[in-house]
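# Working through the structure, step by step
In case you want the letters, here they are:
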Amino acid sequence: QVQLVESGGGLVQPGESLRLSCAASGRFFSINVMEWYRQAPGKQREFVAYITRGGSTNYADSVKGRFTISRDNAKNTVYLQMNNLKPEDTAVYYCKADVQNTRFSIPFGSWGQGTQVTVSS
């Protein structure tokens, strides 16, 4: 089973930057798509960005041009570079990995525990 651990969150002022990391560990055959979601208090969890194993990316309109998702397949780690942060970016950020335990398995989604990002002046 895969375990995902996010790190890199914190408190920053508007306009500043953070880089989040999510490292996958455990026993699994492969990780295909890796994604970032976020959830603000009292709101639904929303999609932020995804990246495929081959490097194709997609972003929510709210973060496009400011955030960059990347991954290091050798380290089983996905990153989210967040630039020009805004107060509305404040949320718990969650990593999600679509995992195959074996080459014959149906992929399933695995979630990290989340890391807090607070953008405030």
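This text goes with the structure placed above it.
My aim in this report is to walk through the structure given alongside it, one point at a time. (Residues numbered from 1 in each chain as written. Predicted model: local features only at pLDDT ≥ 70, side-chain atom pairs only at ≥ 80, totals over all residues. Heavy atoms only, no water.)

Across all of its chains, the model carries one disulfide by this definition. Linked covalently through their sulfurs, Cys-22 and Cys-95 form a disulfide whose S-S length is 2.2 Å. Torsion about the S-S bond of the Cys-22 and Cys-95 cystine: about -80°, corresponding to left-handed handedness. Linking Cys-22 in strand E3 (residues 18-26) with Cys-95 in strand E9 (residues 91-100), this pair joins segments that are 73 residues apart in sequence. Residue Cys-22 is classed as buried on the basis of its relative accessible area of 0%. (Disulfide = S-S within 2.5 Å. Helix = DSSP H or I, 4+ residues; strand = E, 2+ residues; numbered from the N terminus. Buried < 20%, exposed > 50% of the residue type's maximum accessible area, 1.4 Å probe, protein only.)

What follows deals with the pairing of strand E1 (residues 2-7). The two faces of E1 differ: Val-2, Leu-4 and Glu-6 on one face are buried, but Gln-3, Val-5 and Ser-7 on the other face are not. Judged from the six bridges that link them, E1 and E3 form a sheet pairing that is antiparallel. Bridged to Val-5 within E3 is Ala-23. (Pairing = 2+ DSSP bridges.)

Next up on the list: the pattern of salt bridges. With the rule as written, the count across this model stands at five salt bridges. One salt bridge in this structure joins Glu-35 and Lys-96, with 4.0 Å as the shortest N-O distance. Taken together, the residues Glu-35 in strand E4 (residues 30-39) and Lys-96 in strand E9 connect sequence positions 61 residues apart. Note on accessibility: Glu-35 and Lys-96 belong to one class, buried. The residue Arg-38 makes a salt bridge to Glu-46 at a minimum N-O spacing of 2.7 Å. One network of salt bridges, in which partners are shared, links Arg-38, Glu-46, Arg-66 and Asp-89. (Salt bridge = Lys/Arg side-chain N within 4 Å of Asp/Glu carboxyl O.)

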